[in-house]
Amino acid sequence: MTSNPADLTSADYLDGAREMHVAGRLYLAHLLAEEAAQRTTDPATARSIRAQFPPPTRKD
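Below or above, wherever it landed, is the structure these notes cover. (Residues numbered from 1 in each chain as written. Predicted model: local features only at pLDDT ≥ 70, side-chain atom pairs only at ≥ 80, totals over all residues. Heavy atoms only, no water.)

### Concerning helix H2 (residues 26-38)
Since the α-helix turns once every 3.6 residues, residues separated by three or four places project in the same direction.
Phase 1 of the analysis: When the terminal C-alpha atoms of H2 are compared, their 18 Å separation across 13 residues agrees well with the 18 Å that a helix rising 1.5 Å per residue should span.
Phase 2 of the analysis: For H2, the elements touching its buried residues are helix H1 (10-22) and helix H3 (43-52). (Helix = DSSP H or I, 4+ residues; strand = E, 2+ residues; numbered from the N terminus. Expected span 1.5 Å × (residues − 1). Contact = heavy atoms within 4.5 Å.)

### Focus on the environment of Ala29
Phase 1 of the analysis: Along the chain, Ala29 falls in helix H2.
Phase 2 of the analysis: Not counting residues within four places of it along the chain, the set of residues in contact with Ala29 comprises Ala17, Met20, His21 and Phe53.

### A word on the packing of H1 against H2
Phase 1 of the analysis: Packing of H1 against H2 brings their axes to within 8 Å, and their N-to-C directions diverge by 165 degrees. On the basis of the axis angle, H1 is roughly antiparallel to H2. Crossing geometry of H1 relative to H2 is assigned as left-handed. Every residue of H2 that contacts H1 at Ser10, Tyr13, Leu14, Gly16, Ala17, Met20 and His21 is listed here: Leu26, Leu28, Ala29, Leu32, Ala33, Glu35 and Ala36.
Phase 2 of the analysis: Here the contact of H1 with H2 is composed, by residue class, of 10 nonpolar, 3 polar and 1 charged. (Axes fitted to C-alpha atoms, helices over the stretch in contact; angles between N-to-C directions. Parallel < 35°, antiparallel > 145°, perpendicular 65-115°, else oblique. Left-handed = near helix turned anticlockwise from the far one by under 90°. Nonpolar A, V, L, I, M, F, W, Y, C, P; charged D, E, K, R; others polar.)

Read these as layout, nothing more, since geometry by itself doesn't imply function.
Written as structure tokens, this is what we have:
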């Protein structure tokens, strides 16, 4: 793992999103997935990433 966030790839962020999803940290998973989608050059792939990690619904 790199210590420089600028060196992280879309795959790194997507891996983190998956880990956070498993841990039940859905909002953090969504944020990491959004970063992965933004770093992806293919629009279809970005849409797929966003569909897998939608924003969690707020429960107050």
